[in-house]
Structures are given as C-alpha cells and as structure tokens.
Number of protein chains: 2
Amino acid sequence: MSIQARRERERAERERLIITAARTLAEAEGWEAVTTRRLAERVEYSQPVLYSHFKGKDAIMAAVAVEGCADMAVDLRAARTSTDDPRQALAAVGAAYAGFAERRPALYDAMFSLIVDLPFATPEAPAPLQAAFGELSQALEPLAGDDDLGLLTETFWSGLHGLVTLMRSGRLPREAHERRLAILVDRFSQRP
Amino acid sequence: MSIQARRERERAERERLIITAARTLAEAEGWEAVTTRRLAERVEYSQPVLYSHFKGKDAIMAAVAVEGCADMAVDLRAARTSTDDPRQALAAVGAAYAGFAERRPALYDAMFSLIVDLPFATPEAPAPLQAAFGELSQALEPLAGDDDLGLLTETFWSGLHGLVTLMRSGRLPREAHERRLAILVDRFSQRP
DNA sequence: CGACAACTCTAGCACCGCTAGCTCTCCTGT
DNA sequence: ACAGGAGAGCTAGCGGTGCTAGAGTTGTCG
C-alpha cells in the first residue's frame, strides 16, 4: 500500500513540475515557445510522459491558467481592500487587473485569450477563477444600482479585457492607457 | 507596354483570387483550416506563388482583415443612421458590432484578434479600418460630454470587443448577451 | 528467483510555414 | 524567323509542430 502511495506522490510531484516548467517557459518566452519537445526537455522526461499526465498541450495550459487565476485573485483582493471608498476601490481593482495582464502576459493569455477547455461561467468553474471573478464583483457591488450584479461584473470585466487585449496587440496606443481606464471606471461608477 | 499591363492586371486578379479564397475558406472552416497548402490548392497554384504576392500567411490575413473592416463599417453606418435618437443609435451600433462578430467570426478574428501586422491607431491605418472606427466615434459624439471623443471611442470599442471575444471563447454565457450589451450601452449613454 | 505488470523511451506520423533552385515558357532584339 | 535571355511557377525539401504506436526496461510480487 505504501509503495502505491509513494508512486502516486511522485506522480503528483512530476505533474507540478510540468506545470511550473510550462509556466516558467511561457512567462519567459511566450506560449509560442512552449512546445511539447522543449517542455519535455525542461522536465527531463520524454514527450509521451506529458501525455500520461495531460490530455494535450491545451490541458497543460489550462492547469497554468488556474494557477494564474489564483495569483490574480490575490492582486485584485489587495487592490479592492486598499481603500474604503467604493470608487477608489473600483479604480484600484481595474488598475490591478490591467497591471496583472501587463506584467504577466503569458499567464493572462492562458487564462482569458487562448484555451477554451476550462469551464467558465458555471458552478464547475475552478475555484480560483471564481475567486478572481468574485473580487471584481465585490468591487462593483456598492456601485451596482439597479443592475444585476453578475451581469454588471461580466460587462465591466469585458471592458477591462478589451482594453488590455487591444492594447497588447498594438491596436490601441499604450500612452493613453491610464486615461482609457479612467473613463471605463468612471462609467461604471454610477453618476452622482 | 500593353503586354506589361496585361500581366499586371492578371497578377492583380490572382491576388484578389487568393484573398477571396482565404476569406471563403476561413469563414467556412476557421483560420486554423487556412493553411498555405490548402489555400494554394484552392487557387490552383503552387504554394510559392502565394509568397510572390504576400510576405507570408499573416499578410494574407491582413488583406482579408482590411476587407472585413470595410464590411463592418457599412453595417455600423447603417445602424448609426437608422435613428435620430443618440442613445438608440449607440445601442444599434453596439448590436451591429456584436452581430458582425457573431455572424463572421473568422473575419472578426483577422481584424481584431489574430494578426498584428496592420497599423492601427496611426494615420497610416487602412482607410476601411478608420472608417469603422469613425462610425463608432460618430455614434458616441452626441453623448461624449466632457470626455475626449477619441479615448471614449477606444474605451467603448474595448467594451464591445471584450464582450464579443469572451462570449465567443465560452467565457461568458451566451444567453445574457443582450442584457450585457444593454448595460454597456447604458453606461456609455451619459446619465440624465 | 522468475514472471508479470507498469512505466518510459525511441521512432515515426501527418501536418505546418516557408524557400532554394531547376525548368520551361514566352517576350525581345537582331 | 529565330536565338537568347529574363521571368514566372514548379518540385522538392528544411526544420519545426502536436501527438502516438510499439518496443524495451524497470521494479514488484508470488
């Protein structure tokens, strides 16, 4: 029984090794540099080993994405609780979101741009993902007014996501980023 | 001289053929199905011919994207001029934008998600692209208030883009699309 | 100690974007 | 009218991709 246990433990460790290797490589050189060959080399196993842990490359990216959600949730929470004023809090959360996407583009892409394997807007969505969404939601709650909080959060999230992706792909000029963000936050802080 | 002219004309025709073939194939099966081999087969030339017209696959997608912008600009204009009420016009433009993305996902991806070769927020941006942006801008103009119109347009565009991409990648539930769109439009129609 | 089961590796498939270099056609100048 | 040359399009191939079948090795248990 103990042998079985050790094997499972070692397997779990190796799985973590794969995930962190993928994440490290992606953050250093982008996802296009994360090939199954290079990843296998990094973890010092052969390619097929990856497929005994994950269904495919997408599943590895999904695992990295879940980790990324947890990280982002931490950032968002810190921003949200940094002030008592609801509008300042929303501005801080928006800035934290954009900052995360800017600082960790590969992680952000895995979470919100690339793969689709992850269940999102359902109860089966991974907890870290729900946590990150929850932070946005709580930041908006005092400002929701008559709108449905869930839908309002989704819409605000869309705004942030659009800003971030269009800027990162070169479709929006970088220099006006803060001002665009301010406009978005302002529009989601109910008028007086 | 006339021989030269005929050759250039034939070349231009073939270039159009390539672009429309790429567009057709992408709209039918998605961009991942558009490979240089399949595209070459469709136009009944060998692969290298593609490279005598375009620097690479990205350049072909860019050409398709420009066409797509022209199409979208038409849709947006029709929506914008469908009513005199500024808020209804903005709602119509938002719906037209989302409808375009829904109806022609491959075209939309080429324009706003995939390639980066195109110059965007500069005077050198292709005219059709500026036209599409201009429609958004004109729809927002009556509602801009104190905000810079350009930045406001970029921010509203981001909201639409976020809604569309997150929904299409399965990260936002489809059924609430209209209500999210309504929230976005509402937030960008200055409060009374 | 030998047989079996589980695991990992080598090798290879079908595909990708892209290009070097040969061939052949067709226009040009005498 | 014809030889020469330029240009265009082809075949073939490079180095890569995600993924997998099947061989081989390793470690466990009767």
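Predicted model only: the values in this text are computed from it and were never measured.

Rules of the game
- Residues numbered from 1 in each chain as written.
- Chains lettered and ligands numbered in written order.
- Predicted model: local features only at pLDDT ≥ 70, side-chain atom pairs only at ≥ 80, totals over all residues.
- Helix = DSSP H or I, 4+ residues; strand = E, 2+ residues; numbered from the N terminus.
- Buried ≥ 20, exposed ≤ 12 C-beta atoms within 10 Å, placed from the backbone.
- Core = buried A, V, L, I, M, F, W, Y, C linked by C-beta atoms within 7 Å.
- Contact = placed C-beta atoms within 7 Å.
- Nonpolar A, V, L, I, M, F, W, Y, C, P; charged D, E, K, R; others polar.
- Near = placed C-beta within 6 Å.
- Least-squares fit on C-alpha atoms with pLDDT ≥ 70 in both.
- Domains from an automatic or database assignment.
- Axes fitted to C-alpha atoms, helices over the stretch in contact; angles between N-to-C directions.
- Parallel < 35°, antiparallel > 145°, perpendicular 65-115°, else oblique.
- Left-handed = near helix turned anticlockwise from the far one by under 90°.
- Expected span 1.5 Å × (residues − 1).

Scanning chain A from N- to C-terminus turns up 9 helices and 0 strands. For chain A, the N- to C-terminal ordering of α and β elements is α-α-α-α-α-α-α-α-α. In terms of its C-alpha atoms, chain A occupies a principal-axis envelope of roughly 65 × 40 × 25 Å. The buried share of chain A, taken over its 192 residues, is 40%.

Before going further, it helps to spend a moment on the nonpolar core. A general tendency of soluble globular proteins is for nonpolar side chains to be buried together. Counting residues in each nonpolar core, the largest one holds 116 residues, and the members touching the most others are V64 and V93 of chain A together with V64 and V93 of chain B. Here V93 of chain A is in contact with L76, A79, R80, E135, L136 and A139 of chain A, once residues within four sequence places are set aside.

Glancing now at the interface of chain A and chain B. Counting residues at the interface gives 28 residues for chain A and 28 residues for chain B. No other element matches the 10 residues that helix α8 (residues 149-168) of chain A contributes to the side of chain A that touches chain B. In terms of residue class, the side of chain A that touches chain B is built from 14 nonpolar, 7 polar and 7 charged.

With that settled, consider unusual backbone geometry. Residues and elements named next belong to chain A. Although it is not a glycine, E44 adopts a positive phi angle of roughly 60°. Tracing the backbone shows E44 in the loop between α2 (36-43) and α3 (47-53). The class for E44 is exposed, based on 9 C-beta atoms found within 10 Å.

Turning our eyes to something else, we now look at the protein's contact with DNA strand D. The environment of DNA strand D is formed by 16 residues, the closest being T35, G56 and K57 of chain A together with S46 and P48 of chain B. Only α2 and α3 of chain A together with α3 (47-53) of chain B provide two or more residues apiece to the surface near DNA strand D. Ranked by residues supplied to the surface near DNA strand D, first place goes to α3 of chain B with 4 residues. Taken together, the residues of the surface near DNA strand D break down into 6 nonpolar, 7 polar and 3 charged.

If you check the shell around DNA strand C, you find 17 residues, and the closest are S46 of chain A together with T35, T36, G56 and K57 of chain B. Those elements giving two or more residues to the surface near DNA strand C turn out to be α3 of chain A together with α2 (36-43) and α3 of chain B. Among the elements that take part in the surface near DNA strand C, α3 of chain A stands out by supplying 4 residues, more than any other. In terms of residue class, the surface near DNA strand C is built from 6 nonpolar, 7 polar and 4 charged.

Superposing chain A onto chain B takes a rotation of 180° plus a shift of 0.0 Å along the axis, which leaves an RMSD of 0.1 Å. Overall, the copies show the geometry of a two-fold rotation axis. The fraction of interface residues of chain A whose copies in chain B are also interface residues reaches 100%, indicating that both copies meet through the same surface.

A word on the environment of R103 of chain B. Residues and elements named next belong to chain B. Summarising the element assignment, R103 is placed in helix α5 (residues 86-103). For R103, a count of 11 C-beta atoms within 10 Å gives the class exposed. Along the primary structure R103 and P123 are separated by 20 residues, whereas in three dimensions their C-alpha atoms are 29 Å apart.

Time to look at the domain arrangement of chain A. All names here are of chain A. Each assigned domain of chain A is listed with its residue range as follows: domain 1 (1-53) and domain 2 (62-187). The gap between the C-alpha centroids of domain 1 and domain 2 is 29 Å. Across the contact, 7 residues belong to domain 1 and 8 residues belong to domain 2. Residue classes in the side of domain 1 that touches domain 2 are distributed as 4 nonpolar, 1 polar and 2 charged.

What follows concerns the environment of T155 of chain A. Along the polypeptide, T155 of chain A turns up in helix α8. Ignoring anything within four residues of it in the chain, the contact list for T155 of chain A reads L163, R180, I183 and L184 of chain B.

Following both chains from N to C, one finds helix α9 (residues 177-187) of chain A and helix α8 (residues 149-168) of chain B inclined at 70°, their axes separated by 9 Å at the closest point. Between α9 of chain A and α8 of chain B, the crossing angle belongs to the class labelled roughly perpendicular. The way α9 of chain A lies across α8 of chain B gives a crossing that is right-handed. Facing α9 of chain A, whose interface residues are R179, R180, I183 and L184 of chain A, α8 of chain B presents L151, L152, E154 and T155 of chain B.

Between its first and last C-alpha atoms helix α7 (residues 127-140) of chain B spans 20 Å; for 14 residues at 1.5 Å apiece the expected length is 20 Å, and the two agree. Looking at the packing, one finds that the buried side of α7 of chain B touches α4 (57-80), α5 and α8 of chain B.

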